Structure formats: structure tokens, C-alpha cells
Amino acid sequence: MINKLVDFIKSDKFRKLFKFGCIGVINTLVDYGTFSLCHYLFGIGKFIAQFLAVVVAATNSYILNNNITFRKEKQKGITAYIKFMSVNFVSIGMSLVMMYLFSDIMGLKPIVAKIPISVCTILLSFTVYDKLVFIKKK
């Protein structure tokens, strides 16, 4: 068991996941910052603020992950960005449904509801990026 854990920690997959996590922290700050500015400072509704926050954070994520996390599989051109953003639009839809569930149904404050929303969307996104978006070209 310990050997498998050590092997995983030494693997490329772990390094990618670690880089993705670090960039995820930055993107989460961008997401929360954009959401807070839009919703609390500018008075934009929580659903539009959530949409805008995810779009801004996703664009930042594409730039950083394409150049750092998935550098060996770096994608170029508008097609790569469209594939990346397609995953994020699914993520946006999922995050809006979860915002409704956690905030409107369960009564959590929107800023608190973003915590489980962020965890779910980050895990889904990494998996899809790794398997479908950032793939080595043959």
C-alpha cells in the first residue's frame, strides 16, 4: 500500500493534479473575487454573477493550465479554447443548478454555497480536461 502511494506521488498524474490544484486555488480566488464584485459590489443577480465568475475564472484556467499543467499536451488555436470552454459551460450549468439547490432550496448564503459547488466542478473539470481536452497529439 505504501509503495503504491509513493509510486503515485512520483507519477506524472500526481504532478499534473498538484499543478492543477495550485492553479485551481488561483482560479477559485478569481471566481470568488469576480462573483463578489459582481453580486455584492455591483448588485448583479447571483445567477448572472455566477455565470460571469465562471467565465472569467475558466478563461484564466485555460491560459494557466494550457501553459503549466498540461504543457506537454499544450493545445493551440481557437478550437482548443472552444473545447475547453465547452467543458466549462457544462460546469456552469452544473454550478447554476447547484447554486439553486444550495442557496434557494437549502437556504445557504450564495458565498457559502459556492464551496461545495467549487469542489464538485473542480473534480469534474480535471477529469474531463485530462481525458478529453488536453490530449497528446499523435
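As a starting point, this report considers the structure included with it. No experiment lies behind these values; they were computed from the predicted model shown.

## Topic: the pattern of salt bridges
- A full pass over the atoms with the stated rule returns two salt bridges.
- D31 serves as the salt-bridge partner of K114, at 2.5 Å between the closest nitrogen and oxygen. Here the residue K114 occupies a position in helix 5 (residues 110-133), and D31 occupies one in helix 2 (residues 12-41), the gap between them amounting to 83 residues. D31 matches K114 in its accessibility class, with the two residues each being buried.
- K46 is the salt-bridge partner of D104, the closest N and O atoms lying 2.5 Å from each other. Remark: K46 occurs in helix 3 (residues 46-69) and D104 occurs in helix 4 (residues 77-105); sequence separation between them is 58 residues.
- With relative accessibility at 19%, the residue K46 sits in the buried group.

## Focus: a nonpolar patch on the surface
- A cluster of nonpolar side chains, F47, V97, Y100, L101, I105, M106, L108, V112 and I115, forms an exposed patch at the surface whose accessible area comes to about 810 Å².
- When residues of the nonpolar patch are traced back to their parent elements, those giving at least two are helix 4 and helix 5.
- For the nonpolar patch, the element with the highest residue contribution is helix 4, accounting for four residues.
- Note on placement: F47 falls in helix 3.
- F47 sits in the partly exposed class, given a relative accessible area of 34%.

## Thoughts on the nonpolar core
- The biggest cluster of nonpolar side chains holds 13 residues, and the ones touching the most others in it are F70, F84, Y129, V133 and F134.
- Those elements that provide at least two residues to this core are helix 3, helix 4 and helix 5.
- C38, A53, M99 and A113 belong to the second-largest nonpolar core, a separate cluster that totals nine residues.

## Things to note about the packing of helix 2 against helix 5
- Contact pair helix 2 / helix 5: the axes reach a minimum separation of 10 Å and the direction vectors enclose 140 degrees. Taken together, the axes of helix 2 and helix 5 are oblique relative to one another. At the point where helix 2 passes helix 5, the crossing takes the right-handed sense. From helix 2, K13, K16, L17, F20, T28, D31, Y32, F35, S36 and Y40 reach across to helix 5, where they touch P110, I111, K114, I115, S118, I122, S125, F126, Y129, D130 and K131.
- In terms of residue class, the contact of helix 2 with helix 5 is built from 11 nonpolar, four polar and six charged.

Definitions and cut-offs
- Residues numbered from 1 in each chain as written.
- Predicted model: local features only at pLDDT ≥ 70, side-chain atom pairs only at ≥ 80, totals over all residues.
- Heavy atoms only, no water.
- Salt bridge = Lys/Arg side-chain N within 4 Å of Asp/Glu carboxyl O.
- Helix = DSSP H or I, 4+ residues; strand = E, 2+ residues; numbered from the N terminus.
- Buried < 20%, exposed > 50% of the residue type's maximum accessible area, 1.4 Å probe, protein only.
- Patch = residues over 30% accessible without salt bridge, like charges linked within 9 Å, V, L, I, M, F, W, Y side chains within 5 Å.
- Areas by Shrake-Rupley, 256 points an atom, 1.4 Å probe, with all protein chains shown as cover.
- Core = buried A, V, L, I, M, F, W, Y, C linked by side-chain atoms within 4.5 Å.
- Axes fitted to C-alpha atoms, helices over the stretch in contact; angles between N-to-C directions.
- Parallel < 35°, antiparallel > 145°, perpendicular 65-115°, else oblique.
- Left-handed = near helix turned anticlockwise from the far one by under 90°.
- Contact = heavy atoms within 4.5 Å.
- Nonpolar A, V, L, I, M, F, W, Y, C, P; charged D, E, K, R; others polar.

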